[in-house]
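Here is how the chains run, residue by residue.
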Amino acid sequence: MPESNILPSGKPRIDSLELRGITKRFPGVLANDHVNFDVKAGEVHALLGENGAGKSTLMKTVYGLYHPDEGEILLNGKPVHISSPTDSINLGIGMIHQHFMLVPSLTVAENVALGLPSSRGPLTDLDAVSKRILELADIYGLRIDPSAYVWQLSVGQQQRIEIIKALYRGAALLILDEPTAVLTPQEVDELFVIMRQMTKDGHALIFISHKLHEVVEICQRVSVLRDGRMIGTRPTSETTKQDLANWMVGREVGFTPDRGNVQRGEVRLKLENVQCGSDRGTPGLRGVSLDIHSGEILGIAGVSGNGQRELADAVTGLRKITGGKVTLENADITNLPPAEITERMLSYIPEERMRDGMIKDFTVAENMILREHHKEPYSRYGFLNLKNISSNADMLIKKFHVKTPSQETLAKNLSGGNIQKIVLAREISRSPRVIIAAQPTRGLDIGATEYVREQLLEQRKQGTAIILISEDLDEILALSDRIAVIYEGSVMDIVPRSEATPQRLGLLMAGVHPE
Amino acid sequence: MISELFTMTVLIGILSSGVRLATPYLYASIGETFGQRSGVLNLGVEGQMLLGAFTAFYVAMNTGSLWLGVLAAMIVGAVMGLAMAFVTVNLHAQQGISGIGFYLFGLGMSDLLFQKMMGTVRTVQGFPKIGIPFLSDIPGIGDIFFNHNILVYGAYLLVLVAWFVLNKTNLGLKIRAVGENPDAADSLGVSVARVRYFTIILGGTLSGVAGASLSIALLNVFQQNMTSGLGFIAVALVYFGAWRPFGVLIGALLFSMVNSLQLWIQVLGVPIPSEIAVMMPYVLTILVLVATVSKVRAPSALTKPFEREE
């Protein structure tokens, strides 16, 4: 770390930020319970925790969006009072929100200038702003075109605007709230390069995440929050991923689920040379042939946008198949309406669980009967049987450990993990013959991920045929019996579990045939 | 020869009154543009215009000062804007419904005041025509563009000012940001509430002027419900103009020209049923909206109340 107290951006350094005994209560919830935390110039300090552990609450307190009920914040050893984002910005604290705070219809320069006084009085001074953006971009290695519109830029580039926005406002300390959640692996690498440069220059960074390998890779210290309490802080070099996972969840976590020995049975679902279009009008699937057997998980690996979505849509009847044939238990289901395919006991765990998996403004109980609502015992002669719907919800909430205040709670008020449990409960409890699971653990924390994977393996044991579509290669490798790699709408190869390595799959995912 | 001259005169007349009749549309639509760019749909424009029209007329008639009339209409419009802002910004009311409420209030209130305070329809001497030196002498062009009263010129100047404010000033940047992503604006210390209060009150003020332009600059009378849907067309024009002042200008001219045409058709006794003629601007509203609305994207936060996530 350089000796100077001035950062390359020309702003003063923050040597330390310390939180002491921060307590924040929401109605019915103790979100932060006497939490201590600190970060120093020149380090990346990870704040780790499950969804709902209180990470975001703690950081929003630092950023002035929440006001703590107890506790104090010390900046360079002196107590400070932060009552609004403006206060924290003035103190040199910046925050990169998980959901970007950008206006898509404005240019990069306009987004940066927003809310700042202009050097030209009431008129905007976008030329001066652009010049300063380019200076900062040069210092920190953030390539960006100030005159580009935000909607034209990739997610990774948009994140860079957020970083520049904070630097422009003189941020010496940056809070990054799950910054890698939306990035491709390449973009994550680029972000890490930028983060390393910033700490070398004397910035202090707080990195919120629940991805353990990232924490181990980029952070010097790590603190773990669980249920609103600080479990502990340690140098990253003295911990392992396994330790951190156990800390976060509060019990032993199995990274490699027990797959057991399952006898593969007859072919349940068969795709023969299936072709269909994509939303962009280009071919989505270019002749895909697959067999999925009873008691088998077939993993579909591939880089996002290579036909995974189209595959799920085609099988479930949501997209018109333009060629080829889909057979479910010897019956031709090609281009049948989705309702009829559902009737043949095909279950679907959709990728966009909030949009396609449930109705946000319906209760937990209602969401649990979405697929079977028109049938006994949930309805008769067109009238709903509320008693049966309610007892079904009670039973599923208990069986699938859904954390919800009641079965009358609206689905949108639950966490991502619990929402996925509702989808799982609905789709699995009907004893399906085939399950299509698309990105079933995306965005879920470790505990929920573990639970979802266990449930899929349990279904496999019961003889269900499962297609697992995932962009998480670790997940594919952990669960699948066979792995089909999809590239530009075609299956490159189908690799048995015993022969699958990340290297081999990686090449196939890039469209390269070994030899 | 004579019939040709006659046609030319009529054409100039149609265009000239078209330019003039765009005035109330412009004030009201530009005001509405500011509101919508900041994310607030104000459907109460018609009510604000009616109250503005009455106030301007009543004050002008009793004080003899047209400018006091305009000022009074602006104040009444601003107060209605203030009420609208409170209801939509602080109380998070559904904007379409509350706007209709304000419309009905303005309609009823202007009628009531008219009955109680005036009783019968009267006229005032409105703003006089001011010919722009030299320009107004150009044959044809002069009469069409450069021989109008001060409020007409003001309306066209307003378009230019609105464009400048929205695109070249810090305030405009804030307005656009608040209408597209209020969370982002809030996170940078921009007060969403303050920006929206400003635009809604500005919109009300300009609607007041729009009303005044009808009652003391164009028609020089006040009658019950004299706007007859003009305020709603002004809202539609904002969509037509894709939330841009110059787009709104084109729309306003289009409608006022059609309106002017139908007036002249009636005046000249062209054998088209007057009901059909009167319908023309309204039918055009629907057709144009159907043709354009799907192609332009409204401000993302339009009609959405803002509340900081807690």
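Residues numbered from 1 in each chain as written. Chains lettered and ligands numbered in written order. Predicted model: local features only at pLDDT ≥ 70, side-chain atom pairs only at ≥ 80, totals over all residues. Heavy atoms only, no water.

This part takes up the overall build of chain B. Of the regular secondary structure elements, chain B holds 12 helices and two strands. Computed over the C-alpha atoms, the radius of gyration of chain B is 20 Å, within 12% of the 19 Å expected from 2.2 N^0.38 for a compact globule of 310 residues. For chain B, the C-alpha atoms occupy an extent of roughly 75 × 45 × 40 Å along the three principal directions. Put simply, chain B has 310 residues, and 54% of those count as buried. A sequence separation of at least 24 residues applies to 77% of the contacts in chain B between residues at least 6 apart. (Helix = DSSP H or I, 4+ residues; strand = E, 2+ residues; numbered from the N terminus. Rg over C-alpha atoms; globule rule 2.2 N^0.38 Å. Buried < 20%, exposed > 50% of the residue type's maximum accessible area, 1.4 Å probe, protein only. Contact = heavy atoms within 4.5 Å.)

Within a pair of aromatic rings, the relevant descriptors are the distance that separates the centres and the angle that separates the planes. Within this structure, the stated rule accounts for 12 aromatic pairs over all chains. A centroid spacing of 4.9 Å and a plane angle of 80° characterise the contact between Tyr103 of chain B and Phe232 of chain B, whose relative ring orientation is edge-to-face. Placement of the pair is Tyr103 of chain B in helix α4 (residues 95-118) and Phe232 of chain B in helix α10 (residues 230-240), with a sequence separation of 129 residues. Tyr103 of chain B sits in the buried class, given a relative accessible area of 16%. On the basis of relative accessibility, which here comes to 30%, the residue Phe232 of chain B falls in the partly exposed class. Taken together, a centroid distance of 6.5 Å and an interplanar angle of 85° make the contact between Phe240 of chain B and Phe255 of chain B edge-to-face. Taken together, the residues Phe240 of chain B in helix α10 and Phe255 of chain B in helix α11 (residues 245-268) connect sequence positions 15 residues apart. Taken individually, Phe240 of chain B and Phe255 of chain B each receive the classification buried, so the pair is uniform in this respect. Taken together through their ring pairs, the aromatic side chains of Phe54, Tyr58, Phe114 and Phe222 of chain B make up a single cluster. One residue, Lys421 of chain A, lies across the ring of Tyr451 of chain A, its end atom 5.0 Å from the ring centre. (Phe/Tyr/Trp six-rings, centres within 6.5 Å; stacked < 30°, edge-to-face > 60°. Lys NZ or Arg CZ within 6 Å of the ring centre and 35° of its normal.)

The next subject is the sheet that holds strand β20 (residues 465-469) of chain A. Backbone-to-backbone hydrogen bonds pair the strands of a sheet. The strands run either parallel or antiparallel. Residues and elements named next belong to chain A. An order of β16-β19-β20-β13-β21-β22 is seen for the six strands of this open sheet, with the pairing classed as mixed. Each edge of the sheet is formed by a strand with only one pairing partner; in this case those strands are β16 (346-349) and β22 (490-496). On average, adjacent strands in this sheet sit at an angle of 20° to one another, irrespective of strand direction. For β16 and strand β19 (residues 434-438), the ladder comprises four bridges, and the chain directions are parallel. Along β19, the bridge assignment pairs Tyr348 with Ile436. Against the sheet, helix α9 (residues 308-316) contacts β13 (296-301), β16, β19, β20 and β21 (482-487), and its axis sits at roughly 150° relative to β16. (Pairing = 2+ DSSP bridges. Axes fitted to C-alpha atoms, helices over the stretch in contact; angles between N-to-C directions.)

As a further point, take the nonpolar core. Among the nonpolar cores identified, the biggest contains 151 residues, and Met59 of chain A together with Ile216 of chain B are the most heavily contacted of them. Here this core spans two domains, and each of domain 1 (12-92 + 171-249) and domain 2 (101-170) of chain A adds at least three residues to it. Among the nonpolar cores identified, the runner-up in size contains 33 residues, and Ile369, Leu396, Ile397 and Leu468 of chain A belong to it. (Core = buried A, V, L, I, M, F, W, Y, C linked by side-chain atoms within 4.5 Å. Domains from an automatic or database assignment.)

Now for the pattern of salt bridges. Residues and elements named next belong to chain A. Throughout the structure, instances matching the rule amount to 40 salt bridges over all chains. Between Arg355 and Asp356 there is a salt bridge, and its shortest N-O distance comes to 3.1 Å. Using a relative accessible area of 57% as the deciding quantity, one classes Arg355 as exposed. Its relative accessible area of 43% is what places Asp356 among the partly exposed residues. For Arg460, the salt bridge identified is with Asp481, shortest N-O distance 3.0 Å. One end of the pair, Arg460, is in helix α15 (residues 446-461); the other, Asp481, is in the loop between α16 (473-479) and β21, with 21 residues separating them in the sequence. (Salt bridge = Lys/Arg side-chain N within 4 Å of Asp/Glu carboxyl O.)

Residue and element names in this part refer to chain B. Taken together, the side chains of Val267, Leu268, Val270, Ile272, Ile276, Met279, Val283 and Leu287 present a nonpolar region at the surface, about 680 Å² in accessible area. For the nonpolar patch, the leading source of residues is helix α12 (residues 274-292), giving four residues. By the secondary structure assignment, Val267 is in helix α11. (Patch = residues over 30% accessible without salt bridge, like charges linked within 9 Å, V, L, I, M, F, W, Y side chains within 5 Å. Areas by Shrake-Rupley, 256 points an atom, 1.4 Å probe, with all protein chains shown as cover.)

Attention shifts here to the side chain of Gln407 of chain A. In this structure, Gln407 of chain A sits in the loop between α13 (386-399) and α14 (416-428). Excluding its chain neighbours within four sequence positions, the residues that come into contact with Gln407 of chain A are Thr363, Val364, Ala365, Ser390, Ala393, Asp394 and Ile397 of chain A.

With that settled, the discussion passes to the packing of α14 of chain A against α15 of chain A. Residue and element names in this part refer to chain A. Two elements in contact, α14 and α15, have axes separated by 10 Å at closest approach and are oriented at 10°. On the basis of their axis angle, the class for α14 and α15 is roughly parallel. In this structure, α14 contributes Gly417, Gln420, Lys421, Leu424 and Ile428 to the contact, and α15 contributes Ala448, Tyr451, Val452, Gln455 and Gln459. (Parallel < 35°, antiparallel > 145°, perpendicular 65-115°, else oblique.)

Below, the discussion takes up the confidence of the model for chain B. All names here are of chain B. With 96% of its residues at a pLDDT of 70 or more, chain B has an overall mean of 91. Mean pLDDT values for the elements of chain B range from 80 in α12 up to 97 in helix α9 (residues 192-218). Overall fold confidence (pTM) sits at 0.78, and the ipTM for the predicted complex is 0.85. (pLDDT = per-residue confidence, 0-100.)

Looking along the chain, the bond that leaves Glu376 of chain A and enters Pro377 of chain A is cis, with omega of 5°. In the Ramachandran plot, Met345 of chain A falls in the positive-phi region, its phi being about 65° despite a non-glycine side chain. The residue Met345 of chain A is located in the loop between α10 (338-343) and β16 in this model. Exposure remark for Met345 of chain A: the relative accessible area of 21% places this residue in the partly exposed category. Even without a glycine there, the phi angle at Asn225 of chain B is positive, about 45°. Structurally, the position occupied by Asn225 of chain B is in the loop between α9 and α10.

Bringing α9 of chain B into the picture now. Since one α-helical turn is 3.6 residues long, residues separated by three or four positions face the same way. Residues and elements named next belong to chain B. With 27 residues, α9 ought to run about 39 Å at 1.5 Å a step, and its terminal C-alpha atoms sit 37 Å apart, in line with that. Along its length, α9 shows its largest kink, about 30°, at Ala212. Judged by how many residues are buried, α9 sits mostly within the fold: 21 of 27 residues are covered. Two residues or fewer past α9, Asn220 is found with a positive phi of approximately 60°. (Expected span 1.5 Å × (residues − 1). Bend = angle between axes of the 7 residues up to and from the residue.)

As a further point, take the environment of Arg497 of chain A. Residues and elements named next belong to chain A. Checked against the element boundaries, Arg497 lands in the loop between β22 and α17 (502-509). Owing to a relative accessible area of 31%, Arg497 belongs among the partly exposed residues under this scheme. Sequence-wise, Arg497 and Gly299 are 198 residues apart; in three dimensions their C-alpha atoms are separated by 9.6 Å. Those residues within four positions of Arg497 in sequence are excluded, and the remaining contacts are Arg259, Leu477, Ala478, Leu479, Ser480, Asp481 and Arg482.

As a further point, take the pairing of strand β8 (residues 204-209) of chain A. Residue and element names in this part refer to chain A. The buried count for β8 comes to six of six residues, which makes it a mostly enclosed element. Where burial is concerned, the two faces of β8 agree: the one with Ala204, Ile206 and Ile208 and the one with Leu205, Phe207 and Ser209 are both buried. Bridge analysis of strand β7 (residues 173-177) against β8 gives five bridges, and the strand direction is parallel. Counterpart to Ile175 in the pairing with β8 is Ile206.

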